[in-house]
Amino acid sequence: MITDLTVSHPRHTLWRFALPMFVSVMFQQFYNLADSMIAGRFAGEDALAAVGASYPITVIFMAFAVGSNLGASVVVSRLFGAKDYRQMKSAVSTAFLSSGALSLVLSVLGWRFCESLMALIHTPENIFADGALYLRIYIYGLVFLFLYNVCTGIFTALGDSKTPLYFLIGSSVGNIILDYLFVAWFHMGVAGVAWATFLAQGVSAFLALGALIRRLGTIPSSGRSPLFVPALLTQIAAIAVPSILQQSTLSVGNLFVQEIVNRYGSATVAGYSAAVKMNTFAINCFMAFGSCLSSYTAQNLGAKKPERLSLGFREGVRLCMIASVPFFVAYFFFGRAIMGLFLTSDSLQAIGCGVEFLKILGPMYFMISVKLMTDGIIRGSGAMAYFVAATIPDLVLRILFANLLSRHFGSTGIWMAWPFGWVAATGLTILFYRRIVTGKFKIPNLQ
């Protein structure tokens, strides 16, 4: 279903649009969590640590895929809101061609420097080989990762958050079944976890592409749409590149944090790996609402209705605050039970590290949810310089305080560094958001 987000009060349109996307992200994160859970429970603590040690590197590749998603989504949303369907279809094909080429380049580079990256963050020797193996298989599936993310971005731009959900539910269930089959039954260890993700990602990517092609065929347009338009690529890149830089900067920062974590041995790495996956689960769910706000913002700006932005922001914050409650309760009060999903009772040190991490970050979700909603408005308006600028204090403060506090509080000091960066980034994005809604920022013309 295609949804026009430029009519009706956002209290009605955003809720209907956002909830399927929220559930979709939850399922996407479920099979990421399943990798770590099954690795830890059936292949042992070291297997969980190996998957976790490679995680900050995989997040860098994810940053490129998500940036491609956002670039395509904002430009297609703006053209859809303006009812320029011929240009919109050209933007879709341009996004696929450019992101496909980018994924191939990254695949080659990733395969070539896989082990060098693992060595760079001082991965403990007892998990190095398995970590590099997982990363290499993950890199084989980068084309699928990009394909699915661009498809999702375009569906979102068209106001359709339900179709990707259906594919993702099937893919998530399939991934979990394959994880269990490869690891628990065939004893393939870390390689089994990686191949399960590869296969599940591939299936969801091709299913999403087929549905998108059919959906675009139902939208009328005058004349044939060119497959590749350099001017549209420039517009997509104007959104995608800053987003990639922002997320990559954070990912590089997490590499520095991972290097600090690695100093405390594989047990701490295992606990951190499980807990950071749970944190990523929560943050990505909140980001789903931010992505909805990006499409909402872009469609309304394309329709010349900037006065609707503040209404959408308030509804987005309300949605995200409600979503923060169960995550806070689960992580703060039931952290030990959650860590038990990843590790056996023998891994006391690893479980303790994970519980501390979740207790420290859980209460901060109510604040970071505001930041992620302002991000949605900022991206949708094309103010990408603001989007990138808010990342710098988060990165610098997280690394600085992780180094400083770990000297006095051990690994617990690393987890304590997160809130410092989040507070600074939230404050900045609120200031930037105010500049946009009060008209002090000139909205770039992407049409």
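Parameters at a glance
- Residues numbered from 1 in each chain as written.
- Predicted model: local features only at pLDDT ≥ 70, side-chain atom pairs only at ≥ 80, totals over all residues.
- Heavy atoms only, no water.
- UniProt positions renumbered as here; feature names shortened; annotations may be inferred.
- Disulfide = S-S within 2.5 Å.
- Buried < 20%, exposed > 50% of the residue type's maximum accessible area, 1.4 Å probe, protein only.
- Phe/Tyr/Trp six-rings, centres within 6.5 Å; stacked < 30°, edge-to-face > 60°.
- Helix = DSSP H or I, 4+ residues; strand = E, 2+ residues; numbered from the N terminus.
- Lys NZ or Arg CZ within 6 Å of the ring centre and 35° of its normal.
- Contact = heavy atoms within 4.5 Å.
- Axes fitted to C-alpha atoms, helices over the stretch in contact; angles between N-to-C directions.
- Parallel < 35°, antiparallel > 145°, perpendicular 65-115°, else oblique.
- Left-handed = near helix turned anticlockwise from the far one by under 90°.
- Nonpolar A, V, L, I, M, F, W, Y, C, P; charged D, E, K, R; others polar.
- Salt bridge = Lys/Arg side-chain N within 4 Å of Asp/Glu carboxyl O.
- Expected span 1.5 Å × (residues − 1).
- Bend = angle between axes of the 7 residues up to and from the residue.
- Polar contact = N/O pair within 3.5 Å; in protein donor to acceptor, adjacent residues only side chain to side chain.

The name that an unreviewed UniProt entry assigns to the chain is Probable multidrug resistance protein NorM, with the source organism given as Candidatus Enterocloster faecavium. One UniProt comment on the chain, placed under Sequence similarities (unreviewed entry), says "Belongs to the multi antimicrobial extrusion (MATE) (TC 2.A.66.1) family." Taken from UniProt, the Function (unreviewed entry) comment for the chain reads in full: "Multidrug efflux pump."

Two cysteines joined by a covalent bond between their sulfur atoms form a disulfide. Under the defined criterion, the tally for this structure stands at zero disulfides. Considering cysteine sulfurs only, Cys292 is the nearest to Cys151, which forms no disulfide, with 17 Å between them. Residue Cys151 is classed as buried on the basis of its relative accessible area of 0%.

Scanning the entire structure with this criterion turns up 24 aromatic pairs. Judged by centre distance (5.7 Å) and plane angle (65°), the rings of Phe144 and Phe206 are edge-to-face. Taken together, the residues Phe144 in helix H5 (residues 142-157) and Phe206 in helix H7 (residues 189-217) connect sequence positions 62 residues apart. Of the residues examined, Phe144 reaches a relative accessible area of 18% and is grouped as buried. A centroid spacing of 6.3 Å and a plane angle of 35° characterise the contact between Tyr365 and Trp422, whose relative ring orientation is tilted. Here Tyr365 is found in helix H13 (residues 365-381), whereas its partner Trp422 is found in helix H17 (residues 418-437), with 57 residues between them in sequence. Here Lys359 stacks its cationic end above the ring of Phe332, 4.4 Å away from the centre of that ring.

On to the environment of Leu232. Mapped onto the elements of the fold, Leu232 is located in helix H8 (residues 230-262). Taking relative accessible area as the criterion, Leu232 reaches 1% and is therefore assigned buried. Distance in space between the C-alpha atoms of Leu232 and Ala72 is 9.6 Å, their sequence separation being 160 residues. Among all residues touching Leu232, those that are not within four sequence positions of it are Leu79, Gln87, Ser90, Ala91 and Thr94.

Below, the discussion takes up the packing of helix H4 (residues 125-140) against H7. The N-to-C vectors of H4 and H7 enclose an angle of 15°; their axes lie 9 Å apart at closest approach. It follows that H4 is roughly parallel to H7 by the angle criterion. The way H4 lies across H7 gives a crossing that is right-handed. Taken together, the residues of H7 that come into contact with H4 (itself represented by Asp130, Leu133, Tyr134, Ile137 and Tyr140) are Val190, Ala191, Val193, Ala194, Trp195, Thr197 and Phe198. Broken down by class, the residue content of the contact of H4 with H7 amounts to ten nonpolar, one polar and one charged.

We now examine the pattern of salt bridges. This structure, assessed with the given rule, holds five salt bridges. Of the charged contacts in the structure, one is a salt bridge between Arg318 and Glu315, with a shortest N-O distance of 3.6 Å. Placement of both Arg318 and Glu315 in helix H10 (residues 309-333) is noted, with a separation of three residues, approximately one turn of the helix. In this structure, Asp394 and Arg398 form a salt bridge, with 3.2 Å as the shortest nitrogen-oxygen distance. Linking Asp394 with Arg398, this pair stays in helix H15 (residues 391-409), spanning four residues, or about one helical turn. Since its relative accessible area comes to 6%, Asp394 is described here as buried. In this structure Arg398 comes out as buried when scored by relative accessible area, which is 8%.

On to helix H2 (residues 45-81), then. An ideal rise of 1.5 Å per residue puts 54 Å on 37 residues; H2 measures up with 50 Å between its terminal C-alpha atoms. By the largest-angle criterion, Tyr55 marks the main kink of H2, which is about 40°, and a proline, Pro56, follows within four residues. Of all 37 residues that make up H2, 32 are buried, and the element is covered over most of its length. Lys83 sits one or two positions beyond H2 and adopts a positive phi of about 65°.

Attention now goes to the side chain of Ser324. With respect to the helices, strands and loops of the structure, Ser324 is situated in helix H10. For Ser324, a relative accessible area of 0% corresponds to the buried category. A polar side-chain atom of Ser324 sits 2.8 Å from the main-chain carbonyl oxygen of Cys320. Apart from residues no more than four positions distant in its own chain, Ser324 is found in contact with Phe286, Tyr365, Phe366 and Ser369.

Now for H5. Three- or four-residue spacings in an α-helix give side chains the same orientation, since the helix completes a turn every 3.6 residues. A rise of 1.5 Å per residue sets the reference length of H5, with its 16 residues, at 22 Å; its end C-alpha atoms lie 23 Å apart and thus fit the reference within 8%. Just past H5, the residue Gly159 takes up positive phi, approximately 80°.

The next thing to look at is the environment of Gly40. Its location among the elements puts Gly40 in helix H1 (residues 10-43). Sequence separation between Gly40 and Thr13 is 27 residues, and the spatial gap between their C-alpha atoms is 41 Å. If sequence neighbours within four positions are ignored, Gly40 has contacts with Glu45, Leu48 and Phe342.

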